[in-house]
Amino acid sequence: MKKIVILTGAGISAESGISTFRDSDGLWENYRVEEVASIEGWYANPKLMLDFYNERRRQVEKVQPNAAHKALALLEQKYDVTVITQNIDNLHERGGSSKVIHLHGEITKAQSTGDPFWTRDIGYNDLHIGDCDDHGYQLRPFIVWFGEAVPEIERAAKITTSADILIIIGTSLAVYPAAGLMNYAPQNCVKYLIDPKAVPAGGIAHLNIIREKAGKGVPELVDKLMNE
Ligand code: OAD
């Protein structure tokens, strides 16, 4: 079975109604990254951070996977598929994908501030100051913030080294180490990039660029791959 590795970013969830970060009216136009998405922000004002991610969680509960998430799940009928996503939403899983690696964490989980390996499913419930693990440590959102290590990156890189096909969807490739993953793909790997804007993927050989929104470009590519 051929192996497909898919790297996704905020753009794949845009048509579900979740704002991206760096587009006009993206989240980082309305919030300061350092305040709501960095470890320093957490130490400075944990309540602001909890409120910010409570809002994100409520939004994820309201939205639905779109045609792109659903189309990717169909690929599993013919290929060994791993989705590596920078997104903290659960729309790949809800769209039917079975192997999903979340590089930047998951909004439906809490993490202990006393033990980073302690996580718990919280569904769509809010987190508050005073919510603690069994040892009395404050809970925080299970999100990889700026200034923190990306624990899943090694597993993701290893999987990418064995890809026959790599598909990059809806990411500005502005954030490392995620943006560097494509460099782990073998030379003969067939590569596609789906994004309505030009993104800096220079230097990647044989990259097939599809300048479309995910809702159109992904189902079309999946159709092609299912008929190859
Ligand atoms: P960005 O907001 O940086 O980039 C979103 C990309 O999606 C852009 O290239 C857009 O052109 C594209 N896009 C917009 N609408 C689209 C659509 N309908 N279909 C396909 N593509 C579309 O988001 P990311 O690259 O995901 O990290 O950002 C990476 C990380 O930066 C995030 O995981 C987050 C953020 O700070 C943390 O918070 C740790």
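Residues numbered from 1 in each chain as written. Predicted model: local features only at pLDDT ≥ 70, side-chain atom pairs only at ≥ 80, totals over all residues. Heavy atoms only, no water.

A. Summary view of the site of the ligand. Near the ligand you find 24 residues, and of these F21, R22, T171, S172 and D195 are the closest. Take H104: an N or O atom from its side chain is 2.8 Å from an oxygen atom of the ligand. Within the side chain of S172, a nitrogen or oxygen atom sits 2.6 Å from an oxygen atom of the ligand. Summarising the interface, the protein chains cover 94% of the accessible area of the ligand, which totals 800 Å² for the free molecule. (Near = heavy atom within 4 Å. Polar contact = N/O pair within 3.5 Å; in protein donor to acceptor, adjacent residues only side chain to side chain. Areas by Shrake-Rupley, 256 points an atom, 1.4 Å probe, with all protein chains shown as cover.)

B. Quick peek at the domain arrangement of the protein chain. One can read the domain layout of the protein chain as domain 1 (1-17 + 64-104 + 150-228) and domain 2 (19-62 + 108-143). Each of domain 1 and domain 2 was reduced to a C-alpha centroid, and the two centroids are 25 Å apart. Of the residues lining the interface, 14 residues belong to domain 1; the matching set on domain 2 comes to 14 residues. Summing the contributions of domain 1 and of domain 2, the shared interface buries around 960 Å²; its carbon and sulfur component is 53%. Across the pair K197 and D23 runs a salt bridge whose closest N-O atoms are separated by 2.4 Å. At the boundary of domain 1 with domain 2, the tally comes to five residue pairs in polar contact (both at pLDDT 80 or more). Classifying every residue of the side of domain 1 that touches domain 2 gives five nonpolar, six polar and three charged. (Domains from an automatic or database assignment. Contact = heavy atoms within 4.5 Å. Buried area = accessible area lost by both parts, 1.4 Å probe. Salt bridge = Lys/Arg side-chain N within 4 Å of Asp/Glu carboxyl O. Nonpolar A, V, L, I, M, F, W, Y, C, P; charged D, E, K, R; others polar.)

C. Examining the sheet that holds strand β2 (residues 80-85) more closely. Taken in spatial order, the six strands make up an open sheet running β3-β2-β1-β7-β8-β9, and their pairing is parallel. Edge positions in the sheet fall to β3 (100-102) and β9 (207-210), since each of these pairs with one other strand and no more. Geometrically, the sheet is characterised by an average inter-axis angle of 15° between neighbouring strands, direction not taken into account. Bridge analysis of strand β8 (residues 190-194) against β9 gives four bridges, and the strand direction is parallel. Across the sheet, residue L193 finds its bridge partner in β9, namely I209. (Pairing = 2+ DSSP bridges. Helix = DSSP H or I, 4+ residues; strand = E, 2+ residues; numbered from the N terminus. Axes fitted to C-alpha atoms, helices over the stretch in contact; angles between N-to-C directions.)

D. Main features of unusual backbone geometry. The omega angle of the peptide bond from Y176 to P177 is 10°, so this bond is cis rather than trans. Locating P177 in the fold gives a position in the loop between β7 (165-169) and β8. We note that D25 has phi near 65°; this positive angle belongs to a residue other than glycine. Tracing the sequence through the fold places D25 in the loop between α1 (11-14) and α2 (27-30).

E. Structural view of the sheet that holds strand β4 (residues 105-112). Strand order in this open sheet of three strands is β5-β4-β6, and the pairing throughout is antiparallel. For this open sheet the edge positions go to β5 (119-121) and β6 (139-143), each flanked by a neighbour on one side alone. Adjacent strand axes in the sheet meet at a mean angle of 45°, parallel and antiparallel pairs treated alike.

F. Representation of the pairing of strand β1 (residues 3-8). With five of six residues buried, β1 is to be regarded as a mostly interior element. As paired elements, β1 and β2 share six bridges and run parallel to each other. Of the residues in β2, the one forming a bridge with T8 is T85. In this sheet, β7 lies alongside β1 in parallel orientation, the contact comprising five bridges. What sits directly across from I4, in β7, is I165. (Buried < 20%, exposed > 50% of the residue type's maximum accessible area, 1.4 Å probe, protein only.)

G. Structural detail: helix α6 (residues 67-74). Burial in α6 covers these residues: A68, H69, A71, L72 and A73. Taken together, the buried residues of α6 touch β1, α1, α7 (91-95), β7 and α9 (214-226). The opening residue of α6, the one whose side-chain oxygen lies 2.7 Å from the backbone nitrogen of A68, is N66.

H. Inspection of the side chain of N90 at higher detail. Within the secondary structure, N90 sits in the loop between β2 and α7. Judged by relative accessible area, which is 13%, N90 ranks as buried. For N90, the side chain forms a polar contact with the side chain of Y124, separated by 3.0 Å. When sequence neighbours within four positions are dropped, the list of residues in contact with N90 reads V60, T108 and Y124.

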